[in-house]
Amino acid sequence: MNMHFEGSSNVTLLFNFWDVRGPAGMVLSVFVVLKLTVIYELLKVWKITIGKKKQSFITHPSAPVSFSPEPSCFAPVMTCQEGNSALTSSPSEISLAAETTAAAKKSWLLHCLQTAIHILQVTLGYMLMLCVMSYNVWIFLGVIMGSVLGYFLAFPLLKHI
(Lines give C-alpha, C1' and ligand atoms only; values in the text may rest on other atoms or scores of the structure.)
Protein backbone atom coordinates (compact mmCIF):
# COMPACT_ATOMS: atom_id res chain seq x y z
CA MET A 1 0.00 0.00 0.00
CA ASN A 2 1.31 3.41 -0.98
CA MET A 3 1.82 6.00 1.74
CA HIS A 4 1.56 9.00 -0.59
CA PHE A 5 -1.24 10.43 -2.67
CA GLU A 6 -1.74 9.13 -6.20
CA GLY A 7 -3.95 10.35 -9.01
CA SER A 8 -4.72 6.85 -10.29
CA SER A 9 -8.19 5.71 -11.33
CA ASN A 10 -7.59 2.27 -9.81
CA VAL A 11 -8.42 1.93 -6.13
CA THR A 12 -10.28 -0.33 -3.71
CA LEU A 13 -12.49 1.58 -1.25
CA LEU A 14 -13.63 0.16 2.09
CA PHE A 15 -14.66 -3.30 0.82
CA ASN A 16 -13.38 -5.71 -1.83
CA PHE A 17 -16.55 -5.27 -3.88
CA TRP A 18 -15.88 -1.51 -4.20
CA ASP A 19 -13.01 -2.00 -6.60
CA VAL A 20 -12.64 0.97 -8.92
CA ARG A 21 -11.03 0.31 -12.29
CA GLY A 22 -11.20 3.14 -14.79
CA PRO A 23 -12.23 6.79 -15.02
CA ALA A 24 -16.00 6.19 -15.10
CA GLY A 25 -15.86 4.16 -11.90
CA MET A 26 -13.69 6.83 -10.28
CA VAL A 27 -16.17 9.60 -11.16
CA LEU A 28 -19.02 7.54 -9.72
CA SER A 29 -17.01 6.73 -6.58
CA VAL A 30 -16.06 10.38 -6.04
CA PHE A 31 -19.75 11.31 -6.40
CA VAL A 32 -20.79 8.63 -3.85
CA VAL A 33 -18.09 9.75 -1.39
CA LEU A 34 -19.15 13.39 -1.89
CA LYS A 35 -22.78 12.46 -1.12
CA LEU A 36 -21.74 10.50 1.99
CA THR A 37 -19.77 13.50 3.23
CA VAL A 38 -22.75 15.83 2.70
CA ILE A 39 -24.88 13.37 4.69
CA TYR A 40 -22.23 13.42 7.43
CA GLU A 41 -22.48 17.22 7.67
CA LEU A 42 -26.29 17.07 7.70
CA LEU A 43 -26.16 14.54 10.55
CA LYS A 44 -24.05 16.98 12.56
CA VAL A 45 -26.65 19.71 12.18
CA TRP A 46 -29.52 17.30 12.92
CA LYS A 47 -27.82 16.17 16.12
CA ILE A 48 -27.36 19.81 17.21
CA THR A 49 -31.01 20.53 16.41
CA ILE A 50 -32.24 17.61 18.50
CA GLY A 51 -29.92 18.67 21.32
CA LYS A 52 -31.48 22.12 21.34
CA LYS A 53 -34.99 20.66 21.35
CA LYS A 54 -34.04 18.33 24.18
CA GLN A 55 -32.59 21.23 26.15
CA SER A 56 -35.79 23.24 25.67
CA PHE A 57 -37.82 20.31 27.04
CA ILE A 58 -35.56 20.11 30.07
CA THR A 59 -35.73 23.82 30.86
CA HIS A 60 -39.39 24.33 29.82
CA PRO A 61 -41.27 21.01 30.09
CA SER A 62 -44.65 22.63 29.48
CA ALA A 63 -46.09 26.02 28.73
CA PRO A 64 -44.77 28.59 31.17
CA VAL A 65 -47.02 29.51 34.05
CA SER A 66 -47.29 33.26 34.50
CA PHE A 67 -47.95 34.81 37.86
CA SER A 68 -49.39 38.23 37.24
CA PRO A 69 -49.58 40.72 40.10
CA GLU A 70 -53.25 41.53 39.48
CA PRO A 71 -55.44 42.16 42.50
CA SER A 72 -57.49 39.03 41.68
CA CYS A 73 -54.41 36.91 42.43
CA PHE A 74 -54.42 38.09 46.00
CA ALA A 75 -58.13 37.38 46.52
CA PRO A 76 -59.09 34.48 48.76
CA VAL A 77 -58.86 31.10 47.05
CA MET A 78 -62.51 30.15 47.32
CA THR A 79 -63.98 33.37 45.93
CA CYS A 80 -65.87 33.01 42.69
CA GLN A 81 -64.97 35.16 39.71
CA GLU A 82 -67.28 34.96 36.71
CA GLY A 83 -68.89 31.76 38.01
CA ASN A 84 -65.69 29.72 38.34
CA SER A 85 -63.77 29.11 41.51
CA ALA A 86 -60.04 29.68 41.57
CA LEU A 87 -59.46 26.04 42.50
CA THR A 88 -61.08 24.62 39.37
CA SER A 89 -58.98 26.78 37.05
CA SER A 90 -55.64 26.01 38.71
CA PRO A 91 -53.56 23.00 37.68
CA SER A 92 -53.73 20.06 40.05
CA GLU A 93 -50.81 17.99 41.29
CA ILE A 94 -51.92 15.08 39.13
CA SER A 95 -51.97 17.12 35.92
CA LEU A 96 -48.58 18.65 36.71
CA ALA A 97 -47.15 15.18 37.35
CA ALA A 98 -48.56 13.95 34.03
CA GLU A 99 -47.00 16.88 32.19
CA THR A 100 -43.65 16.23 33.89
CA THR A 101 -43.82 12.52 33.02
CA ALA A 102 -44.68 13.29 29.38
CA ALA A 103 -41.85 15.82 29.17
CA ALA A 104 -39.40 13.33 30.69
CA LYS A 105 -40.52 10.66 28.22
CA LYS A 106 -40.16 13.02 25.27
CA SER A 107 -36.73 14.11 26.51
CA TRP A 108 -35.69 10.45 26.80
CA LEU A 109 -36.92 9.69 23.26
CA LEU A 110 -35.03 12.70 21.91
CA HIS A 111 -31.92 11.48 23.72
CA CYS A 112 -32.30 8.02 22.13
CA LEU A 113 -32.70 9.60 18.69
CA GLN A 114 -29.66 11.80 19.30
CA THR A 115 -27.66 8.70 20.32
CA ALA A 116 -28.68 6.85 17.14
CA ILE A 117 -27.68 9.85 15.02
CA HIS A 118 -24.35 9.99 16.87
CA ILE A 119 -23.72 6.30 16.08
CA LEU A 120 -24.45 6.95 12.39
CA GLN A 121 -22.24 10.03 12.40
CA VAL A 122 -19.26 8.25 13.99
CA THR A 123 -19.61 5.22 11.69
CA LEU A 124 -19.86 7.39 8.60
CA GLY A 125 -16.94 9.54 9.78
CA TYR A 126 -14.68 6.53 10.17
CA MET A 127 -15.74 5.18 6.79
CA LEU A 128 -14.89 8.51 5.17
CA MET A 129 -11.55 8.55 6.99
CA LEU A 130 -10.79 5.10 5.56
CA CYS A 131 -11.71 6.38 2.09
CA VAL A 132 -9.19 9.20 2.49
CA MET A 133 -6.63 6.68 3.70
CA SER A 134 -6.77 5.04 0.28
CA TYR A 135 -4.41 7.90 -0.61
CA ASN A 136 -6.24 8.62 -3.82
CA VAL A 137 -6.25 12.31 -4.74
CA TRP A 138 -9.69 12.16 -6.37
CA ILE A 139 -11.34 10.45 -3.41
CA PHE A 140 -9.66 12.93 -1.06
CA LEU A 141 -10.97 15.86 -3.12
CA GLY A 142 -14.44 14.27 -3.11
CA VAL A 143 -14.42 14.15 0.70
CA ILE A 144 -13.17 17.74 0.96
CA MET A 145 -15.71 19.06 -1.57
CA GLY A 146 -18.50 17.09 0.11
CA SER A 147 -17.58 18.62 3.45
CA VAL A 148 -17.57 22.11 1.96
CA LEU A 149 -20.89 21.55 0.20
CA GLY A 150 -22.46 19.94 3.26
CA TYR A 151 -21.33 22.77 5.53
CA PHE A 152 -22.56 25.35 3.02
CA LEU A 153 -25.99 23.71 2.81
CA ALA A 154 -26.50 22.54 6.39
CA PHE A 155 -25.18 25.13 8.80
CA PRO A 156 -27.39 28.02 7.68
CA LEU A 157 -30.28 25.83 8.86
CA LEU A 158 -29.08 26.33 12.44
CA LYS A 159 -30.28 29.95 12.31
CA HIS A 160 -33.86 28.75 11.88
CA ILE A 161 -33.89 26.62 15.02
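Residues numbered from 1 in each chain as written. Predicted model: local features only at pLDDT ≥ 70, side-chain atom pairs only at ≥ 80, totals over all residues. Heavy atoms only, no water.

Describing the UniProt feature "transmembrane region" (unreviewed entry) in the protein
Point 1. In the numbering adopted here, UniProt assigns the feature "transmembrane region" (unreviewed entry) to residues 20–43, 108–129 and 135–158.
Point 2. Each end of residues 20–43 is marked by a C-alpha atom, and these two atoms are 27 Å apart; helix forms 88% of the span and strand 8%.
Point 3. Secondary structure content for residues 108–129 is 100% helix and 0% strand, while the C-alpha to C-alpha distance between its ends is 31 Å. (UniProt positions renumbered as here; feature names shortened; annotations may be inferred. Helix = DSSP H or I, 4+ residues; strand = E, 2+ residues; numbered from the N terminus.)

Some thoughts on helix α4 (residues 137–154)
Point 1. Compared with an ideal rise of 1.5 Å per residue, which puts 18 residues at 26 Å, α4 spans 25 Å between its outermost C-alpha atoms and is within 8% of the ideal.
Point 2. Every buried residue of α4 is accounted for by Ile139, Gly142, Val143, Gly146, Gly150 and Ala154. Looking down the long axis of α4, one finds its buried residues gathered within 95° of arc, a one-sided arrangement. Residues of α4 that are exposed and point more than 90 degrees away from the buried face comprise Tyr151 and Phe152.
Point 3. Two to three positions downstream of the cap, the backbone nitrogen of Trp138 sits 2.9 Å from a side-chain oxygen, assigning the N-cap of α4 to Asn136. (Expected span 1.5 Å × (residues − 1). Buried < 20%, exposed > 50% of the residue type's maximum accessible area, 1.4 Å probe, protein only. Arc of directions from axis to C-beta. Polar contact = N/O pair within 3.5 Å; in protein donor to acceptor, adjacent residues only side chain to side chain.)

As for the pattern of salt bridges
For side chains bearing opposite charge, pairing can occur when the charged atoms are close.
Point 1. Scanning the entire structure with this criterion turns up 2 salt bridges.
Point 2. Arg21 is the salt-bridge partner of Asp19, the closest N and O atoms lying 3.0 Å from each other.
Point 3. On the basis of relative accessible area, Asp19 is assigned to the partly exposed category, the value being 36%.
Point 4. Lys44 is paired through a salt bridge with Glu41; the nearest N and O atoms lie 3.2 Å apart. (Salt bridge = Lys/Arg side-chain N within 4 Å of Asp/Glu carboxyl O.)

Notes on the packing of aromatic side chains
Point 1. Under the counting rule described, the total for this entry stands at 4 aromatic pairs.
Point 2. Consider the rings of Phe5 and Phe140, whose centres lie 5.2 Å apart with planes at 55°: the pair is tilted. Here Phe140 lies in helix α4 and Phe5 lies in the segment before β1 (10–12), a separation of 135 residues in the sequence.
Point 3. Take Phe5: its relative accessible area is 41%, and that puts it in the partly exposed class.
Point 4. Aromatic side chains Phe15 and Phe17 sit 5.3 Å apart centroid to centroid with 5° between the ring planes, which places their arrangement in the stacked category.
Point 5. Look at Phe17 and you get exposed, because its relative accessible area is 71%.
Point 6. Put simply, the rings of Phe5, Tyr135 and Phe140 touch in pairs and so form one group of aromatic residues. (Phe/Tyr/Trp six-rings, centres within 6.5 Å; stacked < 30°, edge-to-face > 60°.)

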